[in-house]
Amino acid sequence: MHLTRRQTLGLCAGATVLATIGPAIPAAFADAAAAERSLMEFTGGKTPEAGKITLTAPEIAENGNTVPLSISVEGEMTEASYVQSVLLLADGNPNPGVATFHFSPMSGRASATTRMRLAKTQTVIAVAKMSDGSVYMDKKQVKVTIGGCGG
Amino acid sequence: MAVPKPRVKLPKSVAAGDVITIKTLISHDMESGQRKDKEGKLIPRKIINKFSCEFNGKPVFSCDIEPAVSANPYFEFDAKAMESGTFKFTWVDDDGSIYTDEQAIEVK
């Protein structure tokens, strides 16, 4: 991953804010590898493609305790073909799992909104599994000013 | 904490085949199991771990929940209404308690 100067500055500023006013963060955090493991468990070893699923999250979350998050998946919702489930992961939380949504043809539209906790600035990942077994992914980085786990 | 109180919002009547949006909220601390009390001991985890919505007994939407979902968990999702009936909402707590709510809808 290449960081531009602006991103680097932003990260440093974020880290300083966390260090000075943020709550004490528990030592054990999930890492990208743990998130990857949960992802592979969900997809059954398939690498998800980009597209179809859209993850909407704020770019900067002032309060990590309640970060609004929406997902929506394109595609029809019929008995023959529908969006089965969507897994949400946060790779910088103590545990990467956030929630798994299960849809049905009765859902009409595969979209859902919830509010989640984010311990620190990190990437949120959404993976959709279709009834035919194909998987799609979207991810978004959310900058967190005050973490939302423990403290 | 007081007994969790579920709240659900959905239209009272719709045209057949329309997709409606349902909003649900339940008051619950969602104790993550990561926080410590004043003596430095971990506060045990106590969250709502499962939410589901059924329409006339058929599953519409459900959700497995981890501690990373915020306190007073909020869910917004869609459902297609083909006939009049009742939506049943169920929240399952870590301690085994089950909280439910029901809402009738009329299809015109």
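Residues numbered from 1 in each chain as written. Chains lettered and ligands numbered in written order. Predicted model: local features only at pLDDT ≥ 70, side-chain atom pairs only at ≥ 80, totals over all residues. Heavy atoms only, no water.

Examining helix 2 (residues 32–43) of chain A
Residues and elements named next belong to chain A.
Here is step 1 of the chain: Compared with an ideal rise of 1.5 Å per residue, which puts 12 residues at 16 Å, helix 2 spans 16 Å between its outermost C-alpha atoms and is within 8% of the ideal.
Here is step 2 of the chain: When we look at burial in helix 2, the residues that qualify are Ala-34, Ala-35, Leu-39, Phe-42 and Thr-43. One side of helix 2 carries all its buried residues, which in axial view fall inside an arc of 165°. Turned more than 90 degrees away from the buried face of helix 2, the exposed residues are Arg-37 and Glu-41.
Here is step 3 of the chain: In this fold, the buried residues of helix 2 make contact with strand 5 (83–90), strand 6 (97–103), strand 8 (122–130) and strand 9 (135–146).
Here is step 4 of the chain: Looking one or two places after helix 2, you find Gly-44, whose phi comes out positive at around 75°. (Helix = DSSP H or I, 4+ residues; strand = E, 2+ residues; numbered from the N terminus. Expected span 1.5 Å × (residues − 1). Buried < 20%, exposed > 50% of the residue type's maximum accessible area, 1.4 Å probe, protein only. Arc of directions from axis to C-beta. Contact = heavy atoms within 4.5 Å.)

Describing the interface of chain A and chain B
Here is step 1 of the chain: Taken together, the contact pairs 27 residues of chain A with 30 residues of chain B.
Here is step 2 of the chain: Looking at the side of chain A facing chain B, the largest losses of area belong to Met-106, Arg-115 and Arg-117 of chain A, adding up to 29% of the total buried there.
Here is step 3 of the chain: At the boundary of chain A with chain B, the tally comes to one salt bridge.
Here is step 4 of the chain: The residue Asp-78 of chain B makes a salt bridge to Arg-109 of chain A at a minimum N-O spacing of 2.8 Å.
Here is step 5 of the chain: Among the elements of the structure, strand 6 and strand 7 (110–116) of chain A are those that each provide at least two residues to the side of chain A that touches chain B.
Here is step 6 of the chain: Residue contributions to the side of chain A that touches chain B peak at seven residues, all from strand 6 of chain A. (Buried area = accessible area lost by both parts, 1.4 Å probe. Salt bridge = Lys/Arg side-chain N within 4 Å of Asp/Glu carboxyl O.)

Examining the nonpolar core
Here is step 1 of the chain: Counting residues in hydrophobic clusters, the biggest one holds 57 residues, and the most contacted among them are Phe-101 and Phe-103 of chain A together with Phe-61 and Phe-87 of chain B.
Here is step 2 of the chain: When sequence neighbours within four positions are dropped, the list of residues in contact with Phe-87 of chain B reads Leu-10, Ile-20, Ile-22, Cys-53, Glu-54, Phe-55, Val-60, Ala-79, Asp-101, Glu-102, Gln-103 and Ile-105 of chain B.
Here is step 3 of the chain: One finds Phe-42, Leu-87, Ile-125 and Val-135 of chain A within the second-largest nonpolar core, a separate group that totals seven residues. (Core = buried A, V, L, I, M, F, W, Y, C linked by side-chain atoms within 4.5 Å.)

Details of the pattern of salt bridges
If the charged atoms of two oppositely charged side chains come close together, the side chains can form a pair.
All names here are of chain B.
Here is step 1 of the chain: For the coordinates displayed, the defined rule picks out six salt bridges over all chains.
Here is step 2 of the chain: Residue Glu-31 pairs with Arg-35 through a salt bridge whose shortest N-O separation is 2.8 Å.
Here is step 3 of the chain: Arg-35 gets classed as partly exposed once you look at its relative accessible area, which sits at 36%.
Here is step 4 of the chain: For Lys-46, the salt bridge is made with Asp-95, and the minimal N-O distance between the two is 3.6 Å. Of the two residues, Lys-46 sits in the loop between strand 3 (19–26) and strand 4 (48–55) while Asp-95 sits in the loop between strand 7 (85–93) and strand 8 (98–107), which places them 49 residues apart along the sequence.

Digging into the packing of aromatic side chains
Here is step 1 of the chain: Applying the stated criterion across every chain yields a total of 11 aromatic pairs over all chains.
Here is step 2 of the chain: For the ring pair Phe-87 of chain B and Phe-89 of chain B, a centre distance of 6.2 Å and an interplane angle of 25° mean the geometry is stacked. Across the pair, exposure class does not vary: Phe-87 of chain B and Phe-89 of chain B are buried alike.
Here is step 3 of the chain: An aromatic cluster is built from Phe-101 and Phe-103 of chain A together with Phe-51, Phe-61, Phe-75, Phe-77 and Trp-91 of chain B, whose rings are joined through pairwise contacts. (Phe/Tyr/Trp six-rings, centres within 6.5 Å; stacked < 30°, edge-to-face > 60°.)

A closer look at the sheet that holds strand 1 (residues 6–9) of chain B
Here is step 1 of the chain: Strand order in this open sheet of six strands is 2(A)-4(A)-7(A)-6(B)-3(B)-1(B), and the pairing throughout is antiparallel. Strand pairing shows two members of the sheet lacking a second neighbour, strand 2 (53–56) of chain A together with strand 1 of chain B, which therefore form its edges. Along the sheet, successive strands turn relative to each other by an average axial angle of 15°, direction set aside.
Here is step 2 of the chain: Across four bridges, strand 2 of chain A lies against strand 4 (residues 67–73) of chain A in antiparallel orientation. Bridge pairing in strand 4 of chain A places Thr-56 of chain A opposite Ser-70 of chain A. (Pairing = 2+ DSSP bridges. Axes fitted to C-alpha atoms, helices over the stretch in contact; angles between N-to-C directions.)

What about the side chain of Ser-62 of chain B?
Here is step 1 of the chain: Positionally, Ser-62 of chain B belongs in strand 5 (residues 58–65).
Here is step 2 of the chain: The buried category is assigned to Ser-62 of chain B, whose relative accessible area is 14%.
Here is step 3 of the chain: Leave out the neighbours within four places in its chain, and Ser-62 of chain B touches Thr-100, Phe-101 and His-102 of chain A together with Lys-50, Phe-51 and Ser-52 of chain B.

Some words on the environment of Val-98 of chain A
Here is step 1 of the chain: Locating Val-98 of chain A in the fold gives a position in strand 6.
Here is step 2 of the chain: Taking the C-alpha atoms as reference points, Val-98 of chain A and Met-116 of chain A, 18 residues apart in sequence, are found 7.3 Å from one another.
Here is step 3 of the chain: Sequence-distant contacts of Val-98 of chain A, defined by excluding residues within four places in its chain, comprise Leu-88, Leu-89, Ala-90 and Met-116 of chain A together with Asp-64, Ile-65, Glu-66, Ala-68 and Val-69 of chain B.

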